[in-house]
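# An overview of the molecular structure
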Amino acid sequence: MSRLRGTGVSPGIAVGRALVMERDAAPVFRLALPAERLDAEVRRLEEAIGASREQLRGIKERLSREVGAPHAYIFDAHLLMLEDPLLRDRAGEIVRNEAVNAEWALRAVSESLHALFSQFTDAYLRERSTDLDDVIGRIQLNLRGSPDAPSLSRLPGPVVLVAGDLTPSEAAELDWDRVLAIVTDVGSST
């Protein structure tokens with residue numbers, strides 16, 4: 001029997017069946033679009049952002065009801081990121097100026113924002129790049145046509161969730177009555 005060591009975030013021990021969650025990054029292709037499709041592509045981007053906004057509001061409301069408002073505040077930051085011109089407007093500009101698909105434009109924006117976040121000297125602010133990944137990942141899922149982002153709200157019985165990482169919105173969507181413990185490879189207590 002092997003023994004793993006890590007940093008505990010809450011006290012206690014849990015024993016249960018492990019449920020492993022893997023997050024595969026979907027490939028993003030750069031598609032050149034004809035000029036007559038650019039308006040529709042920007043609308044598609046706006047619709048994905050709108051769907052993401054509604055999903056995040058739903059998560060925030062549920063979390064506020066179930067565990068209290070302080071834990072839901074992180075989603076205020078996510079909602080603000082959705083409206084930030086550095087994300088929203090810049091992605092639309094890339095679609096129009098480079099005549100490319102929304103997925104590629106969003107990827108380009110993500111890379112430039114990550115470069116900006118990496119320059120922060122404050123560790124807390126640097127860690128917000130995880131929130132950025134969460135928001136952009138949700139928009140990308142909605143761009144791929146998913147009416148709802150994947151949910152962890154229906155787990156198969158009591159489990160110990162094992163993941164490389166867990167985004168704030170994934171944690172908020174968990175069915176906590178069925179989660180005995182969470183084990184992640186990366187992350188921090190925040």
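Because the structure is a prediction, the values reported are computed rather than measured.

## Section: helix α3 (residues 74–83)
- Residues Phe75, His78, Leu79, Met81 and Leu82 constitute the buried set of α3. Projected down its long axis, α3 shows its buried positions confined to an angular sector of 155 degrees, all on one face.
- On its buried side, α3 packs onto α1 (38–67), α2 (69–72), α4 (88–98), α5 (102–118), α7 (129–143) and α8 (168–173).

## A closer look at the pairing of strand β3 (residues 179–184)
- The pairing of strand β2 (residues 159–163) with β3 spans five bridges and is classified as parallel. Within β3, the residue paired with Val160 across the bridge is Ala181.

## Here we look at the nonpolar core
- Counting residues in hydrophobic clusters, the biggest one holds 31 residues, and the most contacted among them are Leu82, Leu87, Leu106, Leu132 and Ile139.
- Looking at this core, the elements with two or more residues in it are α1, α3, α4, α5 and α7.
- A total of eight residues in this core trace back to one element, the largest contributor, which is α1.
- Ignoring sequence-local partners within four residues, the contact set of Leu132 consists of Met81, Leu87, Ser110, Leu113, His114 and Phe117.
- One finds Met21, Leu152, Leu166 and Val179 within the second-largest nonpolar core, a separate group that totals nine residues.

## Structural notes on the side chain of Gln140
- Checked against the element boundaries, Gln140 lands in helix α7.
- In this structure the side chain of Gln140 is engaged in a polar contact, spanning 3.2 Å, whose partner is the backbone oxygen of Glu103.
- When near neighbours in sequence (up to four residues on either side) are disregarded, Gln140 contacts Val28, Glu103, Leu106 and Arg107.

## Details of the sheet that holds strand β1 (residues 17–21)
- As summarised here, the arrangement of the three strands in space is β1-β2-β3, forming an open sheet in which the pairing is parallel. Of all the strands in the sheet, the pair left with one neighbour each is β1 and β3. Each strand of the sheet is rotated relative to its neighbour by a mean of 25 degrees, with strand direction disregarded.
- Both β1 and β2 contribute to a ladder of five bridges, which runs parallel.

## Observations concerning the environment of Arg126
- The topology assignment puts Arg126 in helix α6 (residues 123–127).
- When sequence neighbours within four positions are dropped, the list of residues in contact with Arg126 reads Phe117, Ser118, Phe120 and Thr121.

## Digging into the pattern of salt bridges
- Taken as a whole and judged by the stated rule, the model has 15 salt bridges.
- Measuring nitrogen to oxygen at the nearest pair gives 3.6 Å for the salt bridge that ties Glu173 to Arg138. In this pair, Glu173 sits in helix α8 while Arg138 sits in helix α7, placing the two residues 35 residues apart along the sequence.
- With a relative accessible area of 12%, Glu173 lands in the buried category.
- Residues joined by salt bridges that share partners form a network here, namely Glu46, Arg53, Glu83 and Arg88.

## Remarks on α1
- Between its first and last C-alpha, α1 extends 43 Å over 30 residues, near the 44 Å set by a 1.5 Å rise per residue.
- Phi for Gly68, located one or two positions after α1, is positive at around 105 degrees.

Calculation notes
- Residues numbered from 1 in each chain as written.
- Predicted model: local features only at pLDDT ≥ 70, side-chain atom pairs only at ≥ 80, totals over all residues.
- Heavy atoms only, no water.
- Buried < 20%, exposed > 50% of the residue type's maximum accessible area, 1.4 Å probe, protein only.
- Helix = DSSP H or I, 4+ residues; strand = E, 2+ residues; numbered from the N terminus.
- Arc of directions from axis to C-beta.
- Contact = heavy atoms within 4.5 Å.
- Pairing = 2+ DSSP bridges.
- Core = buried A, V, L, I, M, F, W, Y, C linked by side-chain atoms within 4.5 Å.
- Polar contact = N/O pair within 3.5 Å; in protein donor to acceptor, adjacent residues only side chain to side chain.
- Axes fitted to C-alpha atoms, helices over the stretch in contact; angles between N-to-C directions.
- Salt bridge = Lys/Arg side-chain N within 4 Å of Asp/Glu carboxyl O.
- Expected span 1.5 Å × (residues − 1).

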